[in-house]
Amino acid sequence: MERKFEFSEGEFYHLYNRGNGKANIFLTNDDRKRFLKLLYICNSSKPVVFKTIQGLPLDKIERGETIVNIGAYCLMPNHFHILAREKIKNGISVFMGKLLTAYSMYFNKKHERTGKLFEGVFRAVHADSDRYLEHLFIYIHLNPVKIVEPKWKEKGVLDSNNAKQFLENYLYSSYLDYSKDGISREEKAIIGKENFPEYFENFKEFDFYVNEWLNYPRTPLGNTVDASF
């Protein structure tokens, strides 16, 4: 699918893609951990040489100048979501090219497969309003609820307590970096909150919004996100 706009410096975008033929792109926790590490090291003006940083925590990796700002992310079994800001000209295109190429090479080698891993060019939606950008922080972070309640977006959450507990134990999104005060995990280095509007003044306010959405479901994003994701 050809993109109908060009990325502009300083603007915010919802980036997402899924496995070719809707196949799973994360089969093990090692796959998810590799993708998260690549989220960090591919956001750099330097080329990716994974063997030189293998085993190092993120805060010990010298990656050079970043080329995008990441505000939120979430890995699902067959797709991913990233909220990013174009920091420099062509930053998002270069970053995504490095990320998807590096992960595809890793995945195909590890799982002894060939061919395209992802379903074409990554998709992008311009977050061109303050309201839409604010909602994206909630939308992306609530995506894992679909793992325990597949129809929650259409029918609402049946067990909000169970859904909330699942989110708090799900390690493959930036949810914990917004919902838990004082949490210390190396993945925190992936995101740069300071480059995004401060919609949630503190952890309690973010938690309030999450609870509101879990208990009073609605769909303010309309058709701006592919319903199949």
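All figures in this text were calculated on a predicted structure; none of them were measured in a lab. (Residues numbered from 1 in each chain as written. Predicted model: local features only at pLDDT ≥ 70, side-chain atom pairs only at ≥ 80, totals over all residues. Heavy atoms only, no water.)

Visitor: Explain the side chain of Glu86 here, please?
Guide: Tracing the sequence through the fold places Glu86 in strand β3 (residues 79-86). The side chain of Glu86 is buried and forms no salt bridge, while Lys89, the nearest opposite charge, is found at 7.1 Å. Glu86 has contacts with Phe7, Ser8, Glu9, Gly10, Glu11, Tyr13, Gly91 and Ile92, leaving out every residue within four places of it along the chain. (Helix = DSSP H or I, 4+ residues; strand = E, 2+ residues; numbered from the N terminus. Buried < 20%, exposed > 50% of the residue type's maximum accessible area, 1.4 Å probe, protein only. Lys, Arg positive; Asp, Glu negative; His and termini not counted. Salt bridge = Lys/Arg side-chain N within 4 Å of Asp/Glu carboxyl O. Contact = heavy atoms within 4.5 Å.)

Visitor: I'm lost on the nonpolar core in this one. Help?
Guide: Note on soluble globular proteins: their nonpolar side chains tend to be buried together. Core analysis: the largest hydrophobic core is formed by 72 residues, its most contacted members being Leu15, Leu39, Ile82, Phe95, Met96 and Leu99. Among the elements that line this core, the one with the most residues is helix α2 (residues 91-110), at 9 residues. Ignoring anything within four residues of it in the chain, the contact list for Leu15 reads Phe7, Phe80, His81, Ile82, Ala84, Ile92, Met96, Phe122, Arg123 and Ala124. (Core = buried A, V, L, I, M, F, W, Y, C linked by side-chain atoms within 4.5 Å.)

Visitor: Even after reading the chapter, I still don't get the pairing of β3, so can you show me in this structure?
Guide: Walk down a regular strand and you will see the side chains alternate between the two sheet faces. Of all 8 residues in β3, 7 are buried; the element is thus mostly enclosed. Sheet topology places strand β1 (residues 12-18) next to β3; 7 bridges connect them, and they run antiparallel. Residue pairing in the sheet places Leu15 in a bridge with Ile82 of β3. Where strand β2 (residues 68-75) folds back onto β3 in an antiparallel hairpin, the turn is made up of 3 residues. (Pairing = 2+ DSSP bridges.)

Visitor: Help me understand helix α1 (residues 29-41), please; the structure alone is not making it clear to me.
Guide: It helps to recall that an α-helix has 3.6 residues per turn; residues three or four apart then point in one direction. Taking 1.5 Å per residue as the helical rise, α1 with its 13 residues ought to reach 18 Å, and the 18 Å between its terminal C-alpha atoms agrees with that figure. Along α1, 10 of the 13 residues are buried, which leaves the element largely enclosed by surrounding structure. The set of residues buried in α1 consists of Asp31, Arg32, Arg34, Phe35, Leu36, Lys37, Leu38, Leu39, Tyr40 and Ile41. As for α1, its buried residues are in contact with β2, β3 and α2. (Expected span 1.5 Å × (residues − 1).)

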